[in-house]
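This is what each chain is made of:
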Amino acid sequence: MASERPSQEGKLSAGSPTEPVPFGRYYLLGLIARGGMAEVYRARPQVGARRLLAVKVMRPQLAREPRFVDMFHREGQLALLLSNNRCIVETIELGQHDGRHYIAMEYIGGRDLTQVLRRCQETGQRIPVPHAVYIAARIAEGLHFAHTLVGPDGRPLNIVNRDVSPSNVRLSYDGDVKLLDFGIAQALMKFTSEIGILKGKFSYMSPEQIRGMPLDARTDVFSAGIILHEMLTTEKLFRGDTEFALMEKVRKAEVPLPSDFNRRVTPELDAISVKALARDVADRYQSAAQLAADLDALIGSYRFDPKELRQFVRQLFRKEYAKEVEDTQLALDTSIAPVEVTLESATGGRGPAPTPPLPLPVGGTPTEALPHTTGPAAPPEGNKPRGFWGSLFKKRK
C-alpha cells in the first residue's frame, strides 16, 4: 500500500517494495545510494509498463544554489542525448517534483566493476581473460558513441568523459556492460575548482590530463586501457604513497605487460593494452572505436559467449543475486492504487502528470530463477576485504 506522505520534515521518504512512496509519476521503493550531490532510489512508474527504474534526486540543500541546479540539469540533458546506446545507461526523464530536481534512469541490477574486482581479490580469483576483453570492448563502444555524438544542428558535441573508472562501469546480472554517470563529468567541468572533482581520480587519468593539457577522446582511451589492465592483472596499475607520487607515475606512464601478472594473457592482448596506454597520444589508439575493434577481433578467437559474463557475475555474487531476484519480484508484483499527482517538468509548468512514455519492457533486472550452478562461496561477512579494492570499498561504505 502506498504511503500518503511522500516526505517528512523536509526529508524525502525512501519507501520500500512493500511500502512504496509516491514521488511525481513514480513510486520510490528504497534508497540505493547516497552521494554528495544526490540520492538514488529504486523506483517504478505509477502507470504504464512495469519496470524498475533508478531515480536520482538532487539534495535539497544544493538546490538552493543555482550553479548546482545548472550542473544537475547539464548532467541530465547530456544523459538524455546518450540514451541510444546499449553500453550507456538509458535516461528516461529530467524533471522536477515538489521543488526537487530528479533524473529518472533505467535500473541496472548488478555490481560495479570496483565491487567485482574486490570480490575477485577476496576469493582469490581473476576475471577470466575473455570476460575482461569483452567488458573493455563494450566500454570502448560506449565511449565512441559519446565521442562522435552530434547535436540537433548536426555539429559534433565533442564530448569527453574524463572520468572513466571501474566505479562508473556497471555489470548487470543479465550480462550487460553499462557506463554510468557519463553526464556528470562533463557537467562538472566548469565547477572543478569549486568542488574538487579531481580528488581521488588521479589513478584513472591520462598523462595529459594530469598535466592540465587540452583533452580529446584519446584521454578516455587511456582510462579504458587502465581498466583493461586492472581486470587482467587484478592489481592497481598506478598507485603512490602520496597524491604527488601517484601523479608522477601517471605522467611517466611506465606500464608493465599484463602477461607479467597473468600467464593467460596473449602477446596480442599485451600489444592492445600497451597501445591503449601509450604515454604519447600519437602512439595511442586514435579513437575508442579502434580499441573496440581490436578487442572484438580478439574475442572471436576465444569463442566467447556474452552469456558467460552473466553466469560469472551471478556466481560471484550468488547471495546478492538471489536477494535481487526476490526484491525485484516483490517490487514489480506489489499492487498499488495510482495516486493523482502534479509535477513540474524540466521546462517548467505544473499540471496533472501525463502517462509516461515507457514502452520498453522490464530491463536490466533479473527475472530468471537463480541458476543451479556451483561457484565460489561468498566470504563470511566478518572477513575484512583485502587489497586495494577492498580498502576502497570500506571507505566508500
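In this report, we go over the structure that sits alongside the text.

Calculation notes
- Residues numbered from 1 in each chain as written.
- Predicted model: local features only at pLDDT ≥ 70, side-chain atom pairs only at ≥ 80, totals over all residues.
- Heavy atoms only, no water.
- Helix = DSSP H or I, 4+ residues; strand = E, 2+ residues; numbered from the N terminus.
- Buried < 20%, exposed > 50% of the residue type's maximum accessible area, 1.4 Å probe, protein only.
- Areas by Shrake-Rupley, 256 points an atom, 1.4 Å probe, with all protein chains shown as cover.
- Phe/Tyr/Trp six-rings, centres within 6.5 Å; stacked < 30°, edge-to-face > 60°.
- Lys NZ or Arg CZ within 6 Å of the ring centre and 35° of its normal.
- Pairing = 2+ DSSP bridges.
- Axes fitted to C-alpha atoms, helices over the stretch in contact; angles between N-to-C directions.
- Contact = heavy atoms within 4.5 Å.
- Expected span 1.5 Å × (residues − 1).
- Arc of directions from axis to C-beta.
- Parallel < 35°, antiparallel > 145°, perpendicular 65-115°, else oblique.
- Left-handed = near helix turned anticlockwise from the far one by under 90°.
- Nonpolar A, V, L, I, M, F, W, Y, C, P; charged D, E, K, R; others polar.

### Section: the overall build of the chain
Next, step 1: Check the secondary structure of the chain and you find 13 helices and 13 strands.
Next, step 2: For the chain, the proportion of its 397 residues judged to be buried stands at 52%.
Next, step 3: For the chain, the exposed area adds up to about 18,600 Å²; of that, 51% sits on carbon and sulfur atoms.

### A closer look at the side chain of R42
Next, step 1: Within the secondary structure, R42 is located in strand β5 (residues 38-45).
Next, step 2: Relative accessible area serves as the criterion here: at 11%, R42 is assigned to the buried category.

### Description of the packing of aromatic side chains
Next, step 1: By the definition in use, this model includes five aromatic pairs.
Next, step 2: An angle of 75 degrees between the planes, with centres 5.4 Å apart, marks the rings of F23 and Y102 as edge-to-face. Of the two residues, F23 sits in strand β3 (residues 21-23) while Y102 sits in strand β8 (residues 100-106), which places them 79 residues apart along the sequence.
Next, step 3: For F23, a relative accessible area of 1% puts it in the buried group.
Next, step 4: In this structure Y102 comes out as buried when scored by relative accessible area, which is 0%.
Next, step 5: Three or more aromatic residues joined by ring pairs form one cluster here, namely F23, Y26 and Y102.
Next, step 6: A cation over a ring is seen here: R138 above Y134, with NZ or CZ 5.1 Å from the ring centre.
Next, step 7: Lying across the ring of Y285, K275 places its NZ or CZ 4.7 Å from the centre.

### Notes on the sheet that holds strand β10 (residues 169-172)
Next, step 1: Reading across from one edge, β9-β10-β11 is the order of the three strands in this open sheet, with antiparallel pairing throughout. Both edges of this open sheet fall to β9 (110-112) and β11 (177-179), since each of them pairs with a single strand only. Across the sheet, the mean angle separating the axes of adjacent strands is 25 degrees when strand polarity is ignored.
Next, step 2: Alignment of β9 against β10, held across three bridges, turns out to be antiparallel. Looking at the pairing, D112 lines up with R170 of β10.
Next, step 3: Sheet contacts for helix α3 (residues 129-147): β10 and β11; angle to β11, the most-contacted strand, approximately 40 degrees.

### Things to note about helix α10 (residues 288-302)
Next, step 1: End to end, α10 covers 21 Å across 15 residues, agreeing with the expected 21 Å (1.5 Å per residue, within 8%).
Next, step 2: Within α10, the full set of buried residues consists of A288, L291, A292, L295, L298 and I299. One side of α10 holds all its buried residues, which, seen down the axis, span an arc of 130 degrees. Exposed and facing more than 90 degrees away from the buried side of α10 are A297, G300 and S301.
Next, step 3: Positive phi appears at R303, one or two residues downstream of α10, with a value of about 55 degrees.

### Side note on the pairing of strand β6 (residues 53-58)
Next, step 1: Among the six residues that make up β6, six are buried, leaving the element largely enclosed by the rest of the structure.
Next, step 2: Residues L53, V55 and V57 of β6 are buried on one face, and the alternating residues A54, K56 and M58, pointing to the opposite face, are buried as well.
Next, step 3: Inspection of the sheet shows β6 paired to β8 by five bridges, in the antiparallel sense. Its bridge partner being in β8, V57 is matched across the sheet by Y102.

### Re helix α12 (residues 318-333)
Next, step 1: In a regular helix each residue adds 1.5 Å, so 16 residues correspond to 22 Å; α12 covers 23 Å between its end C-alpha atoms and thus fits that length.
Next, step 2: If you check which residues of α12 are buried, you get E320, Y321, E324, V325, D327, T328, A331 and L332.
Next, step 3: In this fold, the buried residues of α12 make contact with β4 (26-34), β5, β9, α2 (113-122) and α11 (307-316).

### Here's the deal with the packing of α3 against helix α7 (residues 217-233)
Next, step 1: Running from N to C, α3 and α7 point in directions that differ by 165 degrees, and their axes come no closer than 10 Å. Put simply, α3 runs roughly antiparallel to α7. Judged by the sense of rotation from one axis to the other, the crossing of α3 with α7 is right-handed. Each of V129, A132, I135, A136, I139, L143 and H147 in α3 lies in contact with α7, whose residues at this interface are A217, D220, A224, I227, L228, M231 and L232.
Next, step 2: Taken together, the residues that form the contact of α3 with α7 break down as twelve nonpolar, one polar and one charged.

### Things to note about the side chain of Q209
Next, step 1: Tracing the backbone shows Q209 in helix α6 (residues 207-210).
Next, step 2: Setting aside residues no more than four positions away along its own chain, Q209 makes contact with R162, L215 and T219.

### Side note on the pairing of β4
Next, step 1: Pairing of β3 with β4 involves three bridges; the strand directions are antiparallel. Residue pairing in the sheet places P22 in a bridge with Y27 of β4.
Next, step 2: Between β3 and the antiparallel strand that follows it, β4, lie two residues; G24 among them carries a positive phi value of about 60 degrees.
Next, step 3: Counted along the chain from β4 to the antiparallel partner β5, the turn is three residues long.

### Examining unusual backbone geometry
Next, step 1: The residue R162 is not glycine, and still its phi comes out positive at about 70 degrees.
Next, step 2: Structurally, R162 is set in the loop between α3 and β10.
Next, step 3: Even without glycine at this site, T234 takes up a positive phi of about 55 degrees.
Next, step 4: Its place among the elements puts T234 in the loop between α7 and α8 (243-252).
Next, step 5: Judged by its relative accessible area of 8%, T234 falls in the buried class.

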